[in-house]
Amino acid sequence: MSTPTVDRAVAPFDPRDHVAKKPGAVVRGLRWVREHIIGIAAVLALFYLFLPIAIVVIFSFNKPVGRQNVAWNEFSLDAWTNICRDPTICESVGVSLQIAFVATIIATLLGTLISFALVRHRFRGRTATNLLIFLPMATPEVVLGASLLALFLNLGAPLGFGTILIAHVMFCISFVVVTVKARLAGLDPRLEQAAMDLYADERSTFRYVTLPLVLPGIISAGLLAFSLSFDDFIITNFNNGTLVTFPLYVWGAAQRGIPPQVNVIGSLMFFGALAIVVIAQIVGAARRKK
Amino acid sequence: MARTQVVTGQVEDLHLVGLTKRFGTMTAVDALDLTIPAGSFFALLGPSGCGKTTTLRMVAGLEDPTEGAILIGEQDVTQLRPYQRPVNTVFQSYALFPHLDIFENVAFGLRRRGIKDVKKPVEDMLELVELGAMARRKPGQLSGGQQQRVAVARALINQPDVLLLDEPLGALDLKLRRQMQIELKRIQTEVGITFVHVTHDQEEAMTMADTVAVMNNGRIEQMGSPVDIYENPRTAFVANFLGQSNLLPGQVVGREDGVTVISAHNATFRIPTARVATDGDSVVVGVRPEKVTVRAKDRAGDLSGRNVLEGVVTDASFTGLSTQYLVRTAWGQELQVFSQNLSADDIVRLGDDVVVSWDPIHSFGLDGASDLHAGMDKELLALQSGDEPAQVG
Amino acid sequence: MPAVVPSAATAHGSDEATVRRSRRSTPYLLLAPGLGWLAVFFVVPLFASLATSLQVPLVEGDPDQGYTQGFAVQNYVNAITEYWPQFLKSFLYAGIATLLALCIAYPLAYFIAFHAGKWRNIMLILVVAPFFCSFLIRTYAWKTILADQSPVTQFLNALHLLPDDRILNTPLAVITGIAYNFLPFMTLPLYAALERIDFRLIEAGGDLYGSAWTTFRKVTFPLSLPGVVAGTLLTFIPAVGDFINAQLLGSVKDKMIGNVIDSQFRIVRDYPMASALSFLLMAATLTIVFLYIRRAGTDDLV
């Protein structure tokens, strides 16, 4: 019954004696950091992203001493319960919403049409078209705003709602085209061919296949256009005349001191957008499950 | 039979008349004349880029022909839009609508034609393809085989005169492909609609189709029943693309009593004249590997009346039901032989001097000007070119 | 079998011709409204402002009397000689801020693409959400964060990390603000590019190269390059022309070219100078963009 391992005369190799010692706490700590370096960096980046938002939200509950809302004084719900104490704030938000709404509809429509032409048709002048779409995105906003103002002044056009709207549609179109084009280019052309093969004429194919499949792209383009328009300051500042949008109100108020109501509106915009996106995600997930 | 709709009118023949498609200077489909009889299962077989898919797309109306016409029965449909043609397509990778569930995918064609009551026909059709339980799933939630059946159901429910299938099994794994071949054949027999099936898989074409057309460079090389084309190929392309062949170029030395005698490499070969595809004096002798028997030279037995060659075994691979040999002739050509494992005595070994022989009625003759590599697998060819060329005399 | 009628092919010829013709004009009909808008409100103003940039004062030395059309290339020479430091500063600040944004956004996008799992969508929302809070409000918040008495400044001062003992009103504050404000333009394209990478490639890289850093350099980063190019351009272009961050977070010495154009146009009202500066900025930006695209070997953006 003698097997080689039982022969103790020769010192046997026992692998258990050679298991490396568990490293010390410091080494393990450093190793943990090294393994999670990306996660740590991501968390720090998120911290950087949310730091200003936290300040905005916190100071919306401040009761500032004097006009400047920069030093913490005491907790108060005044700004939240009385957002429109200075009616010009709410008026300016109303103006911004109106402009953003109309500009979004026009820019999304025009931009979507261009995307369809670019992705679905062959035509002369494609390169020139692409360049014309790209240039407004590559042009600094001051240049866009300034040259547009020069045009309006030359034409003697009264500055106000109309001129702001024109400017916003102009710089939103390119972003819409880029967004919708990406979605459209990712659409398998065979789906539309299959629809045509299944007795759908051009119009029905568009209505029942193309449009439903491109719609998510059009919606995100619209949201992008809305937020770009609502938030624009530089171009609007050239073409507003005496009409005050929300960013212009904030800019103007800065000289006298920004009231905490501005922080309330900033917080509302943040939480509102967050809520919309989260709800859209939940609805989307529920629909996919079904 | 799970036919769900009243058949309006009878199924009609499909005619292609001088059908041509050019992309710039490239001719994808070259003056195709073809009649596909009603109710048949027709396969268009060829390598990628041979024009088979373009042909199919022209029939579907997804591509405009440069010249020629497409007729279904007596109706010229060449100028009709895809949705005006009594033709439906099963697309490669299926093209199911991702935003619609299975029920709505199948109902799509009926709804577009304004048919109100779609519930019953759609449910019947889903039963036919055995997917009744999946009606409310989205295409993304189905397996490849299930998606493929939805694509078939979505096309068939419209009772087209012709169903076009564009490499419908290409995305499936081998086992599923075999199963779907049988399934498709069953469905075709049940519904009696003309199926035009495009594929590059010769085995698939031969398994399923009544008639196979082998296509190459925009033209049809040969058309006929699978057995006919396999047993009597008329071109080197067909001989190589459909199965494998041993090809030996030679010269005609006599024609008598319906037999053509050909001399090549100091040996004579006999071929039934009906199986020779040319009237010229330069003829390539061909024979399929499984038609050839191989015997050790010293126990060859009586070979009178057979076509005979001598050589040395350079490779033998045992696959269970058969053994595949490579036999090198005196002039360096390697012949392929598939030998059924009938008895252990028949087995010859590597390096043995052997005699290969076959019955003359299994020979076929091709035009002597043929490119002997036409239709061969390009990668295989590249592998062999490092070695001795296998089929060059 | 029915007779094959080849001549039937021409029967519908005329119908087909009209259909084809209308289809050929379709793309132009689709393009017309949008491109028309851009032509009138983007191209025309650009040319108008090109003309303006060459104007000369009606009365020499007294711009208040207005300007008349001329061909004063001298305006450009003046613009460069007078404001080259601001030009330089703009490209410098924008360049550094773009790099900073890349360094912050890359790990974030990488984490979301490969490690976030089911939290992926939530994290993407978190990345974009802060930017729904108005640009100006965010920048004012930075003003509070970086103020001299703020905990951030005092903490860094305690470590003696700040050369001027302050952050606000220094180039550092301007760059921090720019990098922050254009961060989603960097993160989203990076994420899109990273998400497309098959993670098994990165694992295979780890298997073949061993070191994580080498794998990143040889596999991950090259594959994410389209995202890097798109992200850096989308950040750099608006950053060069921005003047809000410099205005709110910088000192008088930190003025960028955007500030100069804005004040020339709206305060000094020297329109030829403002237009000349605009054109120089646009030309310089486009030159850098096209050189960069060429170098990176991608034309996805155009």
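Residues numbered from 1 in each chain as written. Chains lettered and ligands numbered in written order. Predicted model: local features only at pLDDT ≥ 70, side-chain atom pairs only at ≥ 80, totals over all residues. Heavy atoms only, no water.

A. Structural detail: the overall build of chain A. Regarding its fold elements, chain A presents twelve helices and zero strands. If you list the helices and strands of chain A from N to C, you get α-α-α-α-α-α-α-α-α-α-α-α. C-alpha extents for chain A along the principal axes are approximately 110 × 70 × 40 Å. Expressed as a percentage of the 290 residues in chain A, the buried residues total 47%. Here chain A displays about 15,200 Å² of accessible surface, and carbon together with sulfur accounts for 67% of that area. Positive and negative charge centroids in chain A, built from 24 and 16 side chains respectively, lie 4 Å apart. (Helix = DSSP H or I, 4+ residues; strand = E, 2+ residues; numbered from the N terminus. Buried < 20%, exposed > 50% of the residue type's maximum accessible area, 1.4 Å probe, protein only. Areas by Shrake-Rupley, 256 points an atom, 1.4 Å probe, with all protein chains shown as cover. Lys, Arg positive; Asp, Glu negative; His and termini not counted. Charge placed at Lys NZ, Arg CZ, Asp CG, Glu CD.)

B. Here's a closer look at the environment of B:Ala205. Residue and element names in this part refer to chain B. Considering the arrangement of structural elements, one finds Ala-205 in helix α6 (residues 202–208). Ala-205 gets classed as buried once you look at its relative accessible area, which sits at 2%. When the C-alpha positions of Ala-205 and Gln-181 are compared, they lie 9.4 Å apart, and in sequence the two are 24 residues distant. Not counting residues up to four positions away in its chain, the partners in contact with Ala-205 are Ala-43, Leu-45, Thr-199 and Val-212. (Contact = heavy atoms within 4.5 Å.)

C. Geometry of a nonpolar patch on the surface. All names here are of chain A. Taken together, Phe-206, Leu-211, Leu-215, Ile-219 and Leu-223 make up a surface patch of nonpolar side chains, about 420 Å² in accessible area. Inspection of the secondary structure puts Phe-206 in helix α9 (residues 202–231). Take Phe-206: its relative accessible area is 36%, and that puts it in the partly exposed class. (Patch = residues over 30% accessible without salt bridge, like charges linked within 9 Å, V, L, I, M, F, W, Y side chains within 5 Å. Salt bridge = Lys/Arg side-chain N within 4 Å of Asp/Glu carboxyl O.)

D. Focus on the sheet that holds strand β15 (residues 293–296) of chain B. Residue and element names in this part refer to chain B. With respect to topology, five strands assemble into an open sheet ordered β15-β19-β16-β17-β18, the strand pairing being antiparallel. The sheet terminates laterally at β15 and β18 (334–340), the two strands that pair on one side only. For this sheet the average axis-to-axis angle between neighbouring strands, irrespective of direction, equals 45°. Taken together, the four bridges between β15 and strand β19 (residues 353–358) define a ladder with antiparallel strand orientation. Across the sheet, Ala-296 pairs through a bridge with Val-354, a residue of β19. (Pairing = 2+ DSSP bridges. Axes fitted to C-alpha atoms, helices over the stretch in contact; angles between N-to-C directions.)

E. Just the packing of aromatic side chains, in detail. For the structure on display, the rule yields 31 aromatic pairs over all chains. Relative to A:Phe75, the ring of A:Phe61 lies with its centre 5.4 Å away and its plane at 15°, an arrangement referred to as stacked. Of this pair, A:Phe61 sits in the loop between α2 (37–59) and α3 (78–81) while A:Phe75 sits in the loop between α2 and α3, and the two are 14 residues apart along the sequence. According to the relative accessible area criterion, A:Phe61 is partly exposed, its value standing at 22%. Among the aromatic residues, ring-to-ring pairing joins A:Tyr48, C:Phe131, C:Trp142 and C:Tyr180 into one connected group. Directly above the ring of A:Tyr199 sits B:Arg113, whose terminal nitrogen or CZ lies 4.7 Å from the centroid. Between the NZ or CZ atom of C:Arg266 and the centre of the ring of A:Phe238, over which it lies, the distance is 5.8 Å. (Phe/Tyr/Trp six-rings, centres within 6.5 Å; stacked < 30°, edge-to-face > 60°. Lys NZ or Arg CZ within 6 Å of the ring centre and 35° of its normal.)

F. Expanded view of the interface of chain C and chain A. Each side of the interface is counted separately: chain C has 69 residues, and chain A has 73 residues. Of the roughly 6,800 Å² buried at the junction of chain C and chain A (both faces included), carbon and sulfur atoms supply 84%. Contact with chain A buries area across many residues of chain C, yet C:Trp37, C:Phe42 and C:Phe132 alone supply 10% of it, more than any other trio. The interface formed by chain C and chain A holds zero salt bridges in total. Summed over the shared surface of chain C and chain A, the number is seven residue pairs in polar contact (both at pLDDT 80 or more). By residue class, the composition of the side of chain C that touches chain A is 52 nonpolar, twelve polar and five charged. (Buried area = accessible area lost by both parts, 1.4 Å probe. Polar contact = N/O pair within 3.5 Å; in protein donor to acceptor, adjacent residues only side chain to side chain. Nonpolar A, V, L, I, M, F, W, Y, C, P; charged D, E, K, R; others polar.)

G. Fine view of the pairing of strand β8 (residues 194–199) of chain B. All names here are of chain B. Most of β8 sits out of view: six of its six residues are buried. Strand direction decides the pairing type here: strand β3 (residues 41–45) and β8, joined by five bridges, are parallel. Residue pairing across strands places Phe-42 opposite Val-196, the latter belonging to β8. In this sheet, β8 lies alongside strand β7 (residues 162–166) in parallel orientation, the contact comprising five bridges. Residue Leu-164 lies in a different strand from β8, and its bridge partner there is Val-196. In the classification by handedness, the crossover that spans β7, the intervening helix α5 (residues 174–191) and the parallel β8 is right-handed. (Right-handed = clockwise from strand over helix to strand, strands pointing away.)

H. Molecular detail of the sheet that holds strand β14 (residues 282–287) of chain B. Residue and element names in this part refer to chain B. Read from one edge to the other, the open sheet built from five strands follows the order β13-β12-β11-β14-β20, with strand pairing classed as antiparallel. Of all the strands in the sheet, just β13 (267–272) and β20 (364–367) have a single pairing partner and so form its edges. The sheet shows a mean angle of 45° between the axes of neighbouring strands, direction not considered. Where β14 and β20 come together, four bridges link them in antiparallel fashion. Its bridge partner being in β20, Gly-286 is matched across the sheet by Phe-364.

I. The domain arrangement of chain B, seen in detail. As far as domains go, chain B holds domain 1 (14–230) and domain 2 (245–384). Computed from C-alpha coordinates alone, the two centres of domain 1 of chain B and domain 2 of chain B are separated by 38 Å. (Domains from an automatic or database assignment.)

J. Quick look at the state of the cysteines. By the definition in use, this model includes one disulfide over all chains. Here C:Cys133 stays free of any disulfide, with the sulfur of A:Cys90 as its closest cysteine sulfur at 16 Å. (Disulfide = S-S within 2.5 Å.)

K. Inspection of the interface of chain A and chain B at higher detail. Taken together, the contact between chain A and chain B spans 20 residues of the former and 28 residues of the latter. Looking at the side of chain A facing chain B, the largest losses of area belong to A:Asp197, A:Leu198 and A:Tyr199, adding up to 37% of the total buried there. In this structure, the connection of chain A to chain B is made through one salt bridge. Notably, a salt bridge pairs B:Arg81 with A:Glu202, separated by 2.6 Å at the nearest N-O pair. Applying the counting rule to chain A against chain B returns ten residue pairs in polar contact (both at pLDDT 80 or more). For the side of chain A that touches chain B, the secondary-structure elements that each account for two or more residues are α8 (189–197), α9 and α12 (260–289) of chain A. Here the element with the most residues in the side of chain A that touches chain B is α8(A); it accounts for seven residues.

L. Focus on the pattern of salt bridges. Applying the stated criterion to the full structure yields 24 salt bridges over all chains. The shortest N-O distance in the salt bridge between B:Lys291 and B:Glu290 comes to 3.0 Å. A relative accessible area of 33% places B:Glu290 in the partly exposed class. As a salt-bridge pair, C:Asp262 and C:Arg266 come within 2.8 Å of each other at their nearest N and O atoms. Highlighted residues: C:Asp262 and C:Arg266, both in helix α11 (residues 257–268), separated by four residues, approximately one helical turn.

M. Focus on the pairing of strand β10 (residues 219–224) of chain B. Residue and element names in this part refer to chain B. Of the pairings in the sheet, the one linking strand β9 (residues 211–216) to β10 comprises five bridges and is antiparallel in character. The residue bridging Asn-216 from the neighbouring strand is Arg-219, located in β10. Linking two consecutive strands that pair antiparallel, namely β9 and β10, is a turn of two residues; a positive phi of about 50° is found at Asn-217 within it.

N. The arrangement of helix α6 (residues 171–181) of chain C in detail. Among the eleven residues in α6(C), nine count as buried, and that is most of the element. Turning to α6(C), its buried residues number three or more, namely C:Ala173, C:Val174, C:Ile175, C:Thr176, C:Gly177, C:Ile178, C:Ala179, C:Tyr180 and C:Asn181. Structurally, α6(C) contributes buried residues whose contacts are with α2 of chain A together with α2 (74–114), α4 (135–145), α7 (183–195), α9 (212–241) and α10 (244–249) of chain C.

O. Examining unusual backbone geometry more closely. At B:Ala31, a position not held by glycine, the phi torsion is positive, near 45°. When you line up the elements, B:Ala31 lands in strand β2 (residues 26–36).

P. Spatial organisation of the packing of α2(C) against α7(C). Residue and element names in this part refer to chain C. Running from N to C, α2 and α7 point in directions that differ by 40°, and their axes come no closer than 8 Å. In terms of their interaxial angle, α2 and α7 are classed as oblique. Note on packing geometry: the crossing formed by α2 with α7 is right-handed. Taken together, the residues of α7 that come into contact with α2 (itself represented by Thr-98, Ala-101, Leu-102, Ile-104, Ala-105, Tyr-106, Leu-108, Ala-109, Tyr-110, Ile-112, Ala-113 and Phe-114) are Leu-183, Met-186, Thr-187, Leu-190, Tyr-191, Leu-194 and Glu-195. (Parallel < 35°, antiparallel > 145°, perpendicular 65-115°, else oblique. Left-handed = near helix turned anticlockwise from the far one by under 90°.)

Q. Expanded view of the environment of A:Ile114. Tracing the sequence through the fold places A:Ile114 in helix α4 (residues 87–120). Residue contacts for A:Ile114: discarding those within four places in its chain leaves A:Ile133, A:Ile173, A:Val177, C:Leu30, C:Leu31, C:Gly34 and C:Leu35.

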